[in-house]
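Here are the chains, one letter per residue:
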Amino acid sequence: MKKLILAIATISLVISCGKSKKNENTATEETTKEQVVNVYTHRHYEPDQNIFKMFEDKTGIKVKVINASADELIQKMKMEGKQSPADVLITVDAGRLSRAKDEGLLQSIESEVLEKNIPAHLQDVDNQWFGLTKRARIIAYAKDRVKPEDLSSYEALVDEKWKGKILVRSSANIYNQSLMASIIANDGEEAAKTWAEGIVANMARSPKGSDRDQVKAVVAGEGDIAIVNSYYIGKMLNSPDAEEVKTAQQIGLFFPNQEDRGTHINVSGAGVAKYAPNKENAIQFIEFLIGKEAQQVFTEANYEYPVLESVEPVKDIQAWGDFKEDTLGLNKLGENNKKAVLIFDAAGWK
Amino acid sequence: MLTINALSKSFDKGKSYALENVTFNLKAGQVCAIVGESGSGKTTLVRLIAGLERPDNGSITMNEKVIASLDKFVQPEKRKIGLVFQEYALFPHLTILENVLYGISKVKNKKEKAQEMLDLVGLSGMEKRYPHQLSGGQQQRVALARALAPEPSLLILDEPFSNLDTMLRTQLRNEVFDIIKKTEVTVLFVTHDTQDALSVADEILILQKGKVIQKDVAENLYVKPNTLYVASLFGNTVHINKNLQNAFRCPLKEDCCHAIRNEKIIVSQSSTEADCEYITAAKVIKKIPLGNATQLVLKLESGEQLTVMTQDQNIADTIYVGFNSKDILEFDQEL
Amino acid sequence: MQQAGNNNKAFSLKTRIKRLKRDINKWSVFTLAIVFFLALPIIFIGVELFAGPGETWGHIVDYLLLDYIWNSLYLVLVCSILVLLLGVSSAWFVSRYDFLFRKQMEWLLILPLAIPSYIVGYAYAGFFDYGGSMDLLFRQLGLEFMRIDIMNRAGLAFVLSISLFPYVYVSARAFFLNQANNLLEASKMLGVGELKTFFKLMLPLARPAIVAGLVLVLMEVLNDYGAAKYYGVNTFTTGIFRSWFSLEEPQTAVYLSALLICFIFALILFEKWQVRKIKFTSSKTNSNQIQRKRPKGAMKWLIFSVVFLPILLGFILPVAQLIYWAVITASTVFDMEFIMISLQSFAIAIASAVITVFFALVLIYFSKWSTLTTIKNISRVGVLGYAIPGAVIAIGIMIPTLALDKWLINILGNFGIDSGLIINGTLLALFYAYAVRFLAVAYNPIDSTALKVDNSIPDSSKVLGVGNLKTFFKIDFPLIKTGVFSAVILVFIDVMKELPLTLILKPYHIDTLAVKAFEYASDEMVMEASIPSLFIIFTAMIPVIFLNKLLIKK
């Protein structure tokens with residue numbers, strides 16, 4: 001009986017706790033005057049917390065965060081509709097941002113700072129979203145087995161000579177989907193399909209694991225080359241695990257398609273939500289993210305390429321040298337995303 | 001005091017009936033035994049009266065108030081019925097005293113009342129014990145004390161002694177009913193044992209396959225049973241089928257069922273000695289001494305087999321058996 | 001003839017309606033309301049089915065469906081075998097024999113439950129990876145060629161089995177400890193050998209208990225998302241996420257969910273069918289404890305290894321890997337915030353466990369009191385949530401809660417109050433979702449202990465003039481306490497580990513350890529994910545040990 005009373009007490013405690021949370025939430029609405037910005041973000045990076053902290057210290061605007069995958073956040077915003085508390089949506093790829101735009105979840109904003117500082121191909125034509133950082137999808141190769149001269153473009157990877165040598169992760173991954181979307185945009189759907197089939201035929205193993213796992217598999221000799229994002233190599237080189245550092249050191253980086261359109265890049269970006277209750281704060285927040293301080297943190301802590309040209313990439317990245325990037329409008333990535341997934345499935349790219 | 005009218009209950013939506021059209025009534029202060037085999041619907045009847053099941057048809061009236069019918073149902077907790085289960089159903093986490101106090105928490109001097117009940121069942125001094133520390137007989141008496149404490153107007157005992165061995169059973173039965181007599185409560189006593197019923201009940205109700213076969217005082221059940229089944233419940237009975245009829249050359253009514261009680265069959269050494277209307281010769285196939293009597297398995301002239309009892313010690317190989325027409329039991333139908 | 005006429009009337013429509021009117025009581029109404037409340041998300045998902053499949057359904061059928069079915073079947077089959085081997089053998093040995101560290105191992109065997117299976121997956125991948133501990137060991141031994149690749153279908157089956165086998169272990173051991181002694185003695189008296197006793201007697205008798213545990217394992221296997229995705233195995237659940245999010249077609253995802261649910265129903269029906277076939281297990285708990293044998297010589301070591309192996313694989317190895325990672329990343333990851341997040345996770349988990357158990361109790365007892373037999377069957381519908389992936393439930397909950405919120409906002413708006421979202425994005429929605437998802441976890445242990453209480457006990461209470469509710473508090477609850485506490489603990493652990501649902505529904509500024517671990521892991525910072533993972537494990541370990549105490553007392 002005593003335990004029962006205890007249980008009931010806990011329930012009521014919890015419910016009252018829930019209620020107080022509720023109050024807090026309604027308070028959120030009221031304290032709009034008290035300055036908050038509600039951020040839905042897919043960037044689960046520790047350094048981001050520091051950037052948010054810096055923003056709070058500088059402006060006195062409190063940053064409230066919901067972390068989840070962009071897909072889930074978009075679903076959430078769709079369902080919340082006009083009542084959505086979201087001010088800013090941050091994703092780690094442009095495809096999802098343009099999808100959010102198509103779903104009518106974002107709004108156009110006017111900001112000279114953003115307009116001026118972000119290169120045109122890294123922002124939405126209607127000013128609904130803006131790139132924050134760049135990452136290149138590069139070819140990592142085993143220094144001891146592959147000569148960089150043998151590499152040229154993504155398209156060239158379907159060559160017979162790479163049979164059983166290519167490592168790449170699952171097509172469920174958004175970076176692969178975006179890469180495919182860019183190939184569809186550049187080469188057309190038919191060519192993209194042939195390309196996917198060619199890559200599948202050359203795969204060293206059935207796709208699995210993360211980008212880091214692909215790099216490790218190259219060093220382990222399972223294959224010779226891997227298609228991965230640039231910043232993972234940077235992270236591995238600075239890993240707390242000595243073995244990982246050693247592994248990354250045996251890897252060379254190759255930027256494909258330097259002779260033609262340039263290496264496929266993607267951005268992590270942000271947009272202001274259609275029904276943002278704190279629109280002004282949201283704009284201020286995004287402006288801060290492409291400011292010098294924030295950009296510095298992005299590149300230093302996460303080995304990403306800054307969008308702000310005045311900020312130098314961190315040393316590790318500089319060592320890989322400059323490269324020509326594909327200036328395809330990133331809107332295309334979103335438009336072609338579904339097609340890309342369908343092609344992957346049809347080609348048997350798991 | 002209790003009136004059951006056309007009560008029916010089915011557990012498979014009318015395909016078969018656990019109780020079918022049961023009608024009877026009970027006078028206040030009476031002890032009525034319900035006798036039936038397992039599966040005869042005794043327990044269902046008890047649960048319906050106690051309010052633990054709901055009737056599909058018919059009604060139950062107690063003290064002039066309908067407590068269950070098609071459109072009325074009084075919750076078990078409002079019925080003031082005492083119920084003692086076969087498995088005692090004591091609350092295992094409560095002491096004996098707490099068990100007895102359970103049903104009288106709102107009574108004024110509940111402590112005294114509970115103590116009084118425990119004294120009545122002879123368990124004073126055991127108040128602080130838990131049920132699992134008691135013997136089966138003691139547990140049964142606690143269950144009785146608990147059921148009697150709220151002074152129910154009807155007490156139902158559902159096979160209360162069937163978990164006990166024979167010796168203890170008789171003793172406890174007598175004790176329990178001595179206690180009950182003191183309280184003057186109306187009792188419904190469910191049992192499958194005719195001896196139990198005969199020894200304590202004012203009236204006996206026979207239940208078979210969900211139907212009431214007969215309800216009467218003990219003597220009548222013996223003398224004028226309604227069916228062969230009832231007859232055989234109260235003593236060994238021989239069914240006089242067509243073959244036996246021919247063997248004894250006794251003319252009997254068509255479309256009826258006849259039987260003779262074993263003890264009414266007369267055994268004699270010669271045909272003249274026997275004082276009976278119908279008689280036939282028989283060969284003794286087997287003698288089974290049973291102490292005070294001997295059981296004989298006979299083969300009649302016609303080839304029929306018959307088992308009879310005799311007190312006679314010296315039995316010849318061929319004897320005569322017979323009976324009188326006044327002892328023949330006659331039933332409407334073979335059941 | 002007259003009687004027959006009378007009884008035909010007893011089941012005519014008119015009398016049936018009359019009886020329905022008599023028998024419908026508040027408990028029936030409450031039960032229906034609660035079942036409806038708990039089934040609401042599922043109903044909303046079900047309604048989507050009528051919208052027809054999305055455009056890409058044909059595409060899925062052409063290219064992927066076979067793969068999903070085949071992989072899911074493979075996982076069900078292989079995991080069943082592994083889980084049975086690990087769970088039943090260890091349960092039998094710890095309840096039948098006495099050997100070195102038996103007492104410790106008895107509860108250590110439950111601990112794998114404390115680790116989310118996707119984290120076990122990460123740990124094993126890291127362990128066998130290039131540059132992982134196993135790889136380094138092989139290199140030291142000059143066995144470079146021996147690199148074991150665990151990231152495949154078989155590896156996934158292994159990882160899931162090793163982290164889920166305790167469900168079978170717990171239910172099998174409870175059976176062996178409670179029921180087995182008399183039978184064992186009888187078997188011994190008949191001169192039947194040890195092996196034969198086990199295979200011919202104990203195993204068939206324990207089957208319903210074992211299968212009940214197995215069904216839980218298989219539901220978890222079919223619902224796994226994290227590990228399957230990481231290991232590159234396409235299953236129904238990864239397919240649901242893919243069609244929902246990558247193909248942007250919720251309807252297609254709903255169709256896949258419906259298929260998955262059919263799959264799981266088949267499993268549940270199988271369990272029901274085989275439990276019904278075997279009725280002898282309902283016998284009351286046997287109070288005398290099993291007499292443990294002391295094995296000798298080689299046998300001793302054999303038994304020790306059989307019992308130790310699952311502990312080593314399911315707990316020690318993954319935790320060791322996590323601790324290693326935690327040590328090398330501690331400086332960058334750990335801060336005081338973790339203590340706060342741990343407390344939050346703990347509070348959320350305990351609160352939702354209590355709420356879920358409350359619903360389970362209400363459902364079990366209300367339906368018992370509601371005299372309508374159909375209601376009793378309907379109440380089982382409330383348990384279906386366990387068969388549905390967390391992400392799907394989350395969406396199913398957002399639809400009605402948002403509708404309700406909008407309605408409330410309108411009403412309050414009329415009074416000039418700007419309330420914002422009241423349910424959605426608050427703990428209420430989260431608790432609701434957990435209750436829907438984990439009701440079965442609470443329902444089963446409570447239901448099985450409630451079955452052990454003979455009906456005549458609460459019946460006596462009612463006849464003694466005490467109503468349903470009071471009877472429950474004074475009689476039923478004290479008698480089913482252990483079941484209730486087991487239920488609280490099991491739900492607690494599940495909530496601690498839960499991910500997709502929490503990700504979608506959690507309020508602002510409330511983080512759970514599972515969310516934290518996932519954030520790192522999804523960004524390929526598996527090493528950094530080790531610290532929140534370890535926190536989950538240690539928070540969940542305490543109640544696991546407590547649960548074990550309860551089970552032994554029982």
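Small disclaimer: the values here were computed from a predicted structure and weren't measured.

Definitions and limits used
Residues numbered from 1 in each chain as written. Chains lettered and ligands numbered in written order. Predicted model: local features only at pLDDT ≥ 70, side-chain atom pairs only at ≥ 80, totals over all residues. UniProt positions renumbered as here; feature names shortened; annotations may be inferred. Helix = DSSP H or I, 4+ residues; strand = E, 2+ residues; numbered from the N terminus. Buried ≥ 20, exposed ≤ 12 C-beta atoms within 10 Å, placed from the backbone. Contact = placed C-beta atoms within 7 Å. Core = buried A, V, L, I, M, F, W, Y, C linked by C-beta atoms within 7 Å. Nonpolar A, V, L, I, M, F, W, Y, C, P; charged D, E, K, R; others polar. Pairing = 2+ DSSP bridges. Axes fitted to C-alpha atoms, helices over the stretch in contact; angles between N-to-C directions. Expected span 1.5 Å × (residues − 1). Bend = angle between axes of the 7 residues up to and from the residue. Domains from an automatic or database assignment. Parallel < 35°, antiparallel > 145°, perpendicular 65-115°, else oblique. Left-handed = near helix turned anticlockwise from the far one by under 90°.

Q: Break down the UniProt feature "binding site: Fe cation" (unreviewed entry) in chain A for me, citing the residues and quoting the values.
A: Taking the UniProt record as the reference, the feature "binding site: Fe cation" (unreviewed entry) is found at A:His44, A:Tyr231 and A:Tyr232. Look at the named residues: they lie 189 residues apart in sequence, but the longest C-alpha span between them is just 14.5 Å, so in the fold they bunch up. With respect to the helices and strands, the residue A:Tyr231 is situated in helix α9 (residues 230-237). Of the residues examined, A:Tyr231 has 24 C-beta atoms within 10 Å and is grouped as buried. In contact with A:Tyr231, other than residues within four places in its own chain, are A:Arg135, A:Asn302, A:Tyr303 and A:Glu304. The exposure class of A:Tyr232 is buried, given the 23 C-beta atoms found within 10 Å. Apart from the residues lying within four places of it in its own chain, the contact partners of A:Tyr232 are A:Asp211, A:Arg212, A:Val215 and C:Glu524.

Q: Tell me about the nonpolar core, and please be specific about residues and values.
A: Membership of the largest hydrophobic core comes to 270 residues, with the highest contact counts inside it found for A:Val88, A:Leu89 and C:Leu439. Leaving out residues up to four positions away in the same chain, A:Val88 has contacts with A:Val37, A:Val39, A:Tyr40, A:Ala270, A:Val272, A:Ala273, A:Ala282, A:Phe285 and A:Ile286. Within the second largest apolar cluster, 96 residues are counted, among which are B:Ile67, B:Tyr102, B:Leu148 and C:Ile475.

Q: Account for the interface of chain A and chain C, naming residues and giving values.
A: Taken together, the contacts link 52 residues of chain A with 59 residues of chain C. Of all elements in the fold, only α1 (2-30), β2 (62-67), α3 (70-80), α8 (211-220), α10 (242-249) and α15 (337-347) of chain A reach the threshold of two or more residues within the side of chain A that touches chain C. Looking at the side of chain A that touches chain C residue by residue, the class counts come to 19 nonpolar, 15 polar and 18 charged.

Q: Residue-level account of the sheet that holds strand β12 (residues 257-261) of chain B, with values.
A: Residues and elements named next belong to chain B. Spatially, β11-β12-β18 is the arrangement adopted by the three strands of the open sheet, whose pairing is antiparallel. Of all the strands in the sheet, the pair left with one neighbour each is β11 (237-239) and β18 (329-331). When the angles between neighbouring strand axes are averaged without regard to direction, this sheet yields 30 degrees. Relative to β18, β12 runs antiparallel, the two being bridged by three bridges. Bridging from a neighbouring strand, His 258 pairs with Glu 330 of β18.

Q: Tell me about the pairing of strand β10 (residues 211-216) of chain B, and please be specific about residues and values.
A: All names here are of chain B. In terms of strand pairing, strand β9 (residues 203-208) meets β10 through five bridges, oriented antiparallel. Residue pairing in the sheet places Ile 204 in a bridge with Asp 216 of β10. Where β9 folds back on β10, the antiparallel hairpin that results is connected by two residues, among which Lys 209 adopts a positive phi of roughly 45 degrees.

Q: Tell me about the UniProt feature "domain: ABC transporter" (unreviewed entry) in chain B, and name the residues and values.
A: Annotation from UniProt places "domain: ABC transporter" (unreviewed entry) at residues 2-234 of chain B. The distance separating the terminal C-alpha atoms of residues 2-234 of chain B is 26 Å; by composition the span is 33% helix and 25% strand.

Q: Explain the interface of chain B and chain C residue by residue, including any values.
A: Counting residues at the interface gives 28 residues for chain B, matched by 27 residues for chain C. Of all the secondary structure elements, the ones that give two or more residues to the side of chain B that touches chain C are β1 (2-9), β2 (19-26) and β6 (81-84) of chain B. Within the side of chain B that touches chain C, the residues separate by chemical class into 14 nonpolar, six polar and eight charged.

Q: Outline helix α11 (residues 194-223) of chain C, listing residues and values.
A: Since one α-helical turn is 3.6 residues long, residues separated by three or four positions face the same way. The terminal C-alpha atoms of α11(C) lie 38 Å apart, and with 30 residues this falls more than 12% below the ideal 44 Å at 1.5 Å per residue. If you look at α11(C), its biggest bend is around 55 degrees, right at C:Arg207, and the proline C:Pro208 turns up within four residues after that.

Q: Describe the domain arrangement of chain A, naming the residues involved and giving the relevant values.
A: Residues and elements named next belong to chain A. Here the domain parsing of chain A yields domain 1 (34-134 + 266-318) and domain 2 (136-264 + 323-347). Look at where the C-alpha atoms of domain 1 and domain 2 centre, and you get two points 26 Å apart. Each side of the interface is counted separately: domain 1 has 19 residues, and domain 2 has 19 residues. If you list the elements that add at least two residues to the side of domain 1 that touches domain 2, you get α4 (94-102), β9 (265-273) and α13 (315-318). The biggest single contributor to the side of domain 1 that touches domain 2 is α4, with six residues. Looking at the side of domain 1 that touches domain 2 residue by residue, the classes come out as seven nonpolar, five polar and seven charged.

Q: So, unusual backbone geometry: which residues are in play, and what are the values?
A: Located in the positive-phi region is B:Glu64, a residue other than glycine, with phi close to 70 degrees. For B:Glu64, the location among the structural elements is in the loop between β4 (57-62) and β5 (65-68). For C:Phe101, which is not a glycine, the phi torsion comes out positive at approximately 60 degrees. With respect to the helices and strands, C:Phe101 occurs in the loop between α5 (65-96) and α6 (102-108). C:Phe101 gets classed as exposed once you count the C-beta atoms within 10 Å, which come to 12.

Q: Go over the domain arrangement of chain B with me, naming the residues and quoting the values.
A: Residues and elements named next belong to chain B. According to the domain assignment, chain B consists of domain 1 (2-233) and domain 2 (237-331). A separation of 40 Å is found between the C-alpha centroids of domain 1 and domain 2. Contacts between the two partners involve six residues from domain 1, matched on the other side by six residues from domain 2. Here the residues of the side of domain 1 that touches domain 2 are counted per class, giving three nonpolar, three polar and no charged.

Q: Please give an account of helix α7 (residues 189-202) of chain A that cites residues and values.
A: Compared with an ideal rise of 1.5 Å per residue, which puts 14 residues at 20 Å, α7(A) spans 20 Å between its outermost C-alpha atoms and is within 8% of the ideal. In this fold, the buried residues of α7(A) make contact with β6 (166-167), α6 (174-187) and α15 of chain A.

Q: Break down the packing of helix α20 (residues 456-463) of chain C against helix α21 (residues 468-497) of chain C for me, citing the residues and quoting the values.
A: Residue and element names in this part refer to chain C. Across the interface, α20 lies against α21 with an axial gap of 10 Å and an inter-helix angle of 140 degrees. It follows from the interaxial angle that α20 and α21 lie oblique. The interaxial crossing formed by α20 with α21 has right-handed handedness. Taking contact as the criterion, the partners of Ile 457, Pro 458, Ser 461 and Lys 462 in α20 are, on α21, Thr 471, Ile 475 and Asp 476. Residue composition of the contact of α20 with α21, grouped by class: three nonpolar, two polar and two charged.

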